[in-house]
Amino acid sequence: MSADDAQLSPSLDSTIGVELIGFGIALALFGIATAQTIAYWLRYGPGHASAVRPCIYMVSVLWVINSIHVVMLSYVIGRYLVLQRGDPTVFIRPPWTIAVIIIITEINSILVRLGYAYRIWRYSGRKRLVPCIILVSSLSILAINLVFCALEVHLETWLEGRRYQWILYTAFSCQIAIDSWIAFYMCLVLRRFKTGLQRLDLVIKAILMYVVNTGFLTAVGVAFGIIFFVIQPASFVFIGIYFTLPKLYTCAFLGVLNAEQRLIRQASGEGLGTPVPVLSSAVRIGSSTFVWEDDQTSLQPNMSEMTC
């Protein structure tokens, strides 16, 4: 069956079926993100000695954005199953909510990248070049997706959207490049905190593991979206994958944030012996150790550069 025929006779398995799977995974990841948000607020929220207001605001805004994203996903699924139930043409024309979901997804991604950019700025001695590159790249990706959204709301069929597939290829490719670059550069700047002492370096290695694993996970998610968009143009598999991307970004960032804060608290002697649950997509490495400033003249305890 050609792509045109599939568009005229859509299969439930390749349309609402895969979207339901993506919706279910997105809900599960939203639950993890909610647990991470609550854990962060309980341990590092207002009133705590280690509270950092920019981090608190960012974590809260990310949760609100992801909540709105879940509402929009629910509307899309409800449109198929309730509002236009039994109408086969509902799978042919893209709903306007897809454009809203794309915008929400990109805003969420920008906030997460800005969170990493801020940390790179702090870790690298307040150097501005790389954070500015991340900011400009993120805004460029948002602009590209806004162009696609403006075109998408006027489409009569999904098949017509294939004329603008180059826009999606460009946006997804840029996302993979910038996310991989963030993970790579985070590793570079974190290495400056190594002291050469095995016990002290375990903390840095643990944070590096979280950064690499979570950065790799989001890049793989975007890559799979491109692959299925290419090899299965008549199915909604790429939409189901796209539903999960904001949650992957949020869970990855909150996982790094909670894990890092936990290790910093242990390094500063706070809360030793009290495990902090970290729900993350990364491999959890529990190490009770100490972190010291990597200084050429002396080793002094310095946690300020390692906080958000």
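Note that the coordinates shown come from a computational prediction; the quantities given were computed from them, not determined experimentally.

Trainee: What should I look at first to understand the packing of aromatic side chains in this one?
Mentor: Given two aromatic rings, one states the distance between the centres and the angle between the planes to describe the pair. Under the definition given, this model contains 10 aromatic pairs. In this structure an aromatic cluster arises from ring pairing among Tyr169, Phe229 and Phe238. Directly above the aromatic system of Trp121 lies the positively charged group of Arg126, at a separation of 5.0 Å from the ring centroid.

Trainee: Help me out: how do you make sense of the environment of Ile101 in this one?
Mentor: Relative to the helices and strands, Ile101 is located in helix H4 (residues 96-123). Overall, Ile101 belongs to the buried group, its relative accessible area being 1%. Once residues within four sequence positions are removed from consideration, Ile101 is found in contact with His69, Met72, Leu73, Val76, Tyr242 and Phe243.

Trainee: Quick question: what am I supposed to make of the confidence of the model for the protein here?
Mentor: Predicted coordinates in areas of low pLDDT are best not read in detail. Across the protein, the average pLDDT comes to 76, with 71% of residues at 70 or higher. Across the protein, the element-wise mean pLDDT spans from 46 in helix H1 (residues 3-8) up to 90 in helix H5 (residues 129-152). Across residues 1-8, confidence stays below pLDDT 50; counting only partners more than four residues off in sequence or on other chains, it has 11 contacts.

Trainee: Is there a simple way to explain the pattern of salt bridges in this structure?
Mentor: When their charged atoms lie close together, side chains carrying opposite charge are able to pair. Inspection of every chain in the model, using the stated rule, returns 1 salt bridge. Taking the shortest distance from any N to any O, the salt bridge between Arg113 and Asp179 comes out at 3.1 Å. On the criterion of sequence distance, the pair formed by Arg113 in helix H4 and Asp179 in helix H6 (residues 165-190) is long-range, its members being 66 residues apart. Residue classification places Arg113 among the buried positions, given a relative accessible area of 1%. Take Asp179: its relative accessible area is 6%, and that puts it in the buried class.

Trainee: Honestly, helix H3 (residues 53-83) in this entry has me stumped. Any pointers?
Mentor: Each α-helix winds once per 3.6 residues, and so residues spaced three or four apart point in a common direction. With 31 residues, H3 extends 43 Å from end C-alpha to end C-alpha; this agrees with the ideal 45 Å at 1.5 Å per step. Roughly 30 degrees is the biggest bend found in H3, and it falls at Ile77.

Trainee: How should the packing of H3 against H4 be read in this particular structure?
Mentor: Helix packing geometry: the angle between the two helix axes and the distance between the axes. At a minimum axis separation of 10 Å, H3 and H4 run at an interaxial angle of 160 degrees. Overall, the two elements H3 and H4 adopt an arrangement that is roughly antiparallel. Note on packing geometry: the crossing formed by H3 with H4 is left-handed. The segment H3 lies against H4, with Cys55, Met58, Val61, Leu62, Ile65, Asn66, Ile68, His69, Met72, Leu73, Tyr75 and Val76 engaging Trp96, Thr97, Val100, Ile101, Ile104, Thr105, Ile107, Asn108, Leu111, Val112, Gly115 and Arg119. Taken together, the residues of the contact of H3 with H4 break down into 17 nonpolar, 6 polar and 1 charged.

So, how was this worked out
Residues numbered from 1 in each chain as written. Predicted model: local features only at pLDDT ≥ 70, side-chain atom pairs only at ≥ 80, totals over all residues. Heavy atoms only, no water. Phe/Tyr/Trp six-rings, centres within 6.5 Å; stacked < 30°, edge-to-face > 60°. Lys NZ or Arg CZ within 6 Å of the ring centre and 35° of its normal. Helix = DSSP H or I, 4+ residues; strand = E, 2+ residues; numbered from the N terminus. Buried < 20%, exposed > 50% of the residue type's maximum accessible area, 1.4 Å probe, protein only. Contact = heavy atoms within 4.5 Å. pLDDT = per-residue confidence, 0-100. Salt bridge = Lys/Arg side-chain N within 4 Å of Asp/Glu carboxyl O. Expected span 1.5 Å × (residues − 1). Bend = angle between axes of the 7 residues up to and from the residue. Axes fitted to C-alpha atoms, helices over the stretch in contact; angles between N-to-C directions. Parallel < 35°, antiparallel > 145°, perpendicular 65-115°, else oblique. Left-handed = near helix turned anticlockwise from the far one by under 90°. Nonpolar A, V, L, I, M, F, W, Y, C, P; charged D, E, K, R; others polar.

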